[in-house]
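Summary of structural features
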Amino acid sequence: MKLNLPLKKIKRNLNRDSYSKVLVVRLPCNPIFPIGPVYLADHIHKIFPEIQQQFIDLAIVPSENVSIQLRRKIDQFRPQLIIFSWRDIQIYAPVDGRSGNPLQNSFEVFYSKNIFKKMRGAWGGLKLIFSHYEEINRNTFLVKMGLRRAQKYNKTAKAILGGGAVSVFYEQLGKLLPKGTIVSVGEGENLIEKVIKGVSLTDERCYVAGEKPRDKLIHEQPSGTIKTACNYSYIKSIWPEFDWYIEGGDYYVGVQTKRGCPHNCCFCVYTVVEGKKVRVNPVDEVIKEMKQLYNIGVRGF
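So, a few notes on the structure that sits alongside this text. Here, residues in each chain are numbered from 1, in the same order as that chain's written sequence. Residues qualify for local features only when their pLDDT is at least 70, as the model is predicted, and side-chain atom pairs are given and counted only at 80 or more; totals for whole chains, interfaces and linings, by contrast, use all residues. Water and hydrogen atoms play no part in the side-chain values, which are based on all heavy atoms of the structure.

Where helices and strands are cited, they refer to DSSP runs of H or I of at least four residues and of E of at least two residues respectively, numbered from the N terminus. A count of helices and strands for the chain gives 11 helices and eight strands. Taking the principal axes of the C-alpha coordinates as reference, the chain spans close to 100 × 45 × 45 Å. When burial is assessed residue by residue, the chain has 45% of its 301 residues classed as buried. Any pair of residues with heavy atoms lying within 4.5 Å of one another is described as a contacting pair. Within the chain, contacts between residues at least 6 apart in sequence are counted, and of these 69% link residues at least 24 apart. Values of accessible area rely on a 1.4 Å probe in the Shrake-Rupley scheme; residue burial ignores everything except the protein chains shown. Accessible area of the chain: about 17500 Å², with a carbon and sulfur share of 57%. Distance from the positive charge centre (45 side chains) to the negative charge centre (28 side chains) of the chain: 5 Å. Accessibility here uses a 1.4 Å probe with only protein chains present; expressed as a share of the type maximum, an area under 20% marks a residue as buried, one over 50% as exposed, and anything in between as partly exposed. None of His or the chain ends enter the tally, which takes Lys and Arg as positive and Asp and Glu as negative. Here the site of a charge means atom NZ of a Lys, CZ of an Arg, CG of an Asp or CD of a Glu.

With that settled, the discussion passes to the nonpolar core. Generally speaking, nonpolar side chains in soluble globular proteins are found buried as a group. Side-chain atoms within 4.5 Å link the members of a nonpolar core, which is a set of buried Ala, Val, Leu, Ile, Met, Phe, Trp, Tyr and Cys residues. If you look at the biggest cluster of nonpolar residues, it comprises 38 residues, and the most contacted ones within it are F33, V38, I83, I196, Y232, I235 and W239. Of all the elements, helix α1 (residues 35–47) adds the most residues to this core, at five residues. If near-sequence neighbours (up to four positions away) are discounted, W239 is found in contact with F33, P34, V38, F55, D57 and Y245. Counting 33 residues, the second-largest nonpolar core is a separate cluster that includes V25, F77, V166 and L177.

With respect to the helices and strands, the residue P213 is situated in the loop between β6 (206–208) and α8 (232–238). Residues P213 and Y170 lie 43 residues apart in sequence; the distance between their C-alpha atoms is 8.7 Å. Excluding its chain neighbours within four sequence positions, the residues that come into contact with P213 are Y170, E171 and Y207.

Take the state of the cysteines next. For the purposes of this analysis, a disulfide is any pair of cysteine sulfur atoms at a distance within 2.5 Å. If you walk through the whole model with that rule in mind, you get zero disulfides. No disulfide involves C29; its sulfur sits 17 Å from that of C268, the nearest cysteine. Given a relative accessible area of 8%, C29 falls into the buried group.

Let's shift gears to empty space enclosed by the protein. In this analysis the probe radius is 1.4 Å and the grid spacing 1 Å, with only protein atoms considered; a cavity is a set of points the probe fits into but cannot get out of, a pocket is an open set with protein on both sides within 12 Å along at least five of seven lines, and lining residues have an atom within 4 Å of a point. Grid points are joined across faces, edges and corners, and a volume is the space filled by probe spheres set on the points. Scanning the model with the defined rule gives one cavity of 30 Å³ or more in all. Empty space within the largest cavity amounts to approximately 50 Å³. Lining the largest cavity we find Y39, K227, T228, A229, V255, Q256, N281, P282, E285, V286 and E289. No other element matches the three residues that helix α11 (residues 283–295) contributes to the lining of the largest cavity.

A few words now on the pattern of salt bridges. The working definition used for a salt bridge is a side-chain nitrogen of Lys or Arg within 4 Å of a carboxyl oxygen of Asp or Glu. Scanning the entire structure with this criterion turns up 13 salt bridges. In this structure, K194 and E204 form a salt bridge, with 3.1 Å as the shortest nitrogen-oxygen distance. Remark: E204 occurs in the loop between α7 (189–197) and β6 and K194 occurs in helix α7; sequence separation between them is 10 residues. Residue classification places K194 among the partly exposed positions, given a relative accessible area of 23%. A relative accessible area of 6% places E204 in the buried class. Overlapping salt bridges bring together E187, E189, R259 and R279 as one network.

We now examine helix α4 (residues 115–153). Think of an α-helix as turning once every 3.6 residues; residues three or four places apart then point the same way. A helix is expected to span 1.5 Å for every residue after the first. Its 39 residues place the ends of α4 57 Å apart at the C-alpha level, agreeing with the 57 Å of an ideal helix rising 1.5 Å per residue. Within 3.5 Å is the distance limit for a polar contact, defined as a pair of N or O atoms, with the added protein rule that one can donate a hydrogen and the other accept it, and that residues adjacent in sequence qualify only through two side-chain atoms. The backbone nitrogen of F116 has a side-chain oxygen 2.8 Å away, supplied by the residue at the start of α4, namely N114.

See below:
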């Protein structure tokens, strides 16, 4: 008996890369608990529990050792995908930052009647500008070096770069990155999920370094994701230095209760980075996350 059954076509991406090892890297910045990349690692584990992950926070590494530590981690782990998180680019903020106090420098230059204070302010401003470009060169070097190192072991290794600094300066930074680097704007959970699955990134807020980004990419609304309590037992297992922030005593660990903001404050970028729609995380999941952190010693939220 002959059966003429219709054959259903199964769409597969035969060129899909295999990512069995993912390294999450927080690039150097002020040592603030890296909640963004932690949430990304947690999301990857929930969707792809079979994937091995490692986490390294270069913000807590002495500046002269960041390249050595990153190189060592890549040599040991040999990842197929590296996710770099770049939190901020400091050039001007009315606070005492890593390179001095820019507001004080400005006031001394423009308003002080004392020539020596004017000179001090000008020198402080020059140091700030030098520090700004030095930071950009250092972090882009780490991305290039890290990807090159990973491709030494896996020729198809890829890099994704995201974070607050990238979301704001994505057009400028894209020109400084290795071709093929995926530049993420805003939140990255859905983007990373698609990269690992090997499906199209057309609908995501991202572009590939070496190509031109879509016009007004930053103003596109994020696709959003359902947020559940972060599994900090897992995070501790992939991040050996996790307790650095707990043992410090004066650090706070953030817990996201929502994403998005409907306001348009002139000093804030969250409206464009996270979108105008407020997406509130489930209360029970927020409480569950805080309980985990409390049980491992966190007292500052």
